[in-house]
Amino acid sequence: MSAQKEPSMTAGPYDTIGYEVDGHKATITLNRPEALNALSPHMVGELRAAYAEAEADDNVWTVIVTGTGRAFCSGADVSEIPDDGRVIYERPYLSTYDQWEAPQEGTPPFRRMAKPVLAAINGICCGAGLDWVTTGDIVIASDRATFFDPHVSIGLVAGREVVRLARVLPRSVALRMAIMGKHERMSAERAYELGMITEVVEHDRLLMRIHEIADIVNSNAPLAVRGTRLAIQKTLDLPLNEAEILAEAFRERVVRTDDAKEGPLAFMEKRSPNWQCR
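Let me sum up the structure you'll find in this document. (Residues numbered from 1 in each chain as written. Predicted model: local features only at pLDDT ≥ 70, side-chain atom pairs only at ≥ 80, totals over all residues. Heavy atoms only, no water.)

## Here's the deal with the pattern of salt bridges
Here the structure, examined in full by the defined rule, presents 18 salt bridges. Of the charged contacts, one joins D237 and R167 as a salt bridge, the two residues approaching to 3.7 Å between their closest N and O atoms. With D237 in the loop between α8 (222-233) and α9 (240-254) and R167 in helix α4 (residues 160-168), this residue pair connects regions lying 70 residues apart in the sequence. When the shortest N-O distance is used, the salt bridge between E212 and R209 registers 3.2 Å. (Salt bridge = Lys/Arg side-chain N within 4 Å of Asp/Glu carboxyl O. Helix = DSSP H or I, 4+ residues; strand = E, 2+ residues; numbered from the N terminus.)

What follows is the structure in structure tokens.
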């Protein structure tokens, strides 16, 4: 088997994902249903390009990620993992920051991006597919969705996926899922009970519901939403006092914007605000 190629950014239109912008929402749809939306290097490159495109588009305020077929994402495409695990990099070895980081595969760049990511889990979600669940800002699921991590069942160590799971789930639950591998599958209802997702929806209403949620988010001041999201994301690992100070810094930045003046004015005039995202 040939060595695996490092994913690279690909400009749209895309082959393995759908990308559509409508009403301040960018919807990214994983579209390899015949492979259960497994992540190939090419698909990872397209996802990275789509995230960058959405983040750079001033008309996009919210990003939605979902999948086609009976799976949301079944993890990395094992058919493209070489026997010796080698990776051919397009840049010299260890010359880029991404090569020093934990592999992110399909994960949205949640540490760097400002816009919220909403995930609608339409079916099987396992391995690297769990990254959208553990890093997404709002995650809902179809009543047909199932969650598991198969790494140990195919001879691999479960890495960042279960480390993130252990920050979202109780330790004992995350460990059980991690070391039982493909034999331990969590239902959407159980994931909701444990707080891993925030809503379970009838399968046929999933896309409608995630767009309803995105529209509600977008009815709020977009810069205030981003600042609030960052205030949480950037402070999760900080002591409380330092976290409060950083969150207040985000508040101070947004209070200088036109939208921060528009909100109170619209309230006093008893009308809907006209957000300009500036």
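## Things to note about the sheet that holds strand β9 (residues 138-142)
Pairing within the open sheet is mixed, and its 6 strands lie in the order β2-β3-β4-β7-β9-β12. Unpaired on one side and paired on the other, β2 (17-22) and β12 (199-201) mark the two borders of the sheet. For this sheet, the mean inter-axis angle between neighbouring strands, taken without regard to orientation, is 20 degrees. In this sheet, strand β4 (residues 62-67) lies alongside strand β3 (residues 25-30) in parallel orientation, the contact comprising 6 bridges. From the neighbouring strand, T27 faces β4, where its bridge partner is I64. Strands in contact with helix α1 (residues 41-56) are β2, β3 and β4; relative to β2, the strand with the most contacts, it is inclined by about 10 degrees. On top of the sheet, helix α7 (residues 206-218) reaches β3, β4, β7 (117-121), β9 and β12; it is set at about 160 degrees to β9, its chief contact. (Pairing = 2+ DSSP bridges. Axes fitted to C-alpha atoms, helices over the stretch in contact; angles between N-to-C directions. Contact = heavy atoms within 4.5 Å.)

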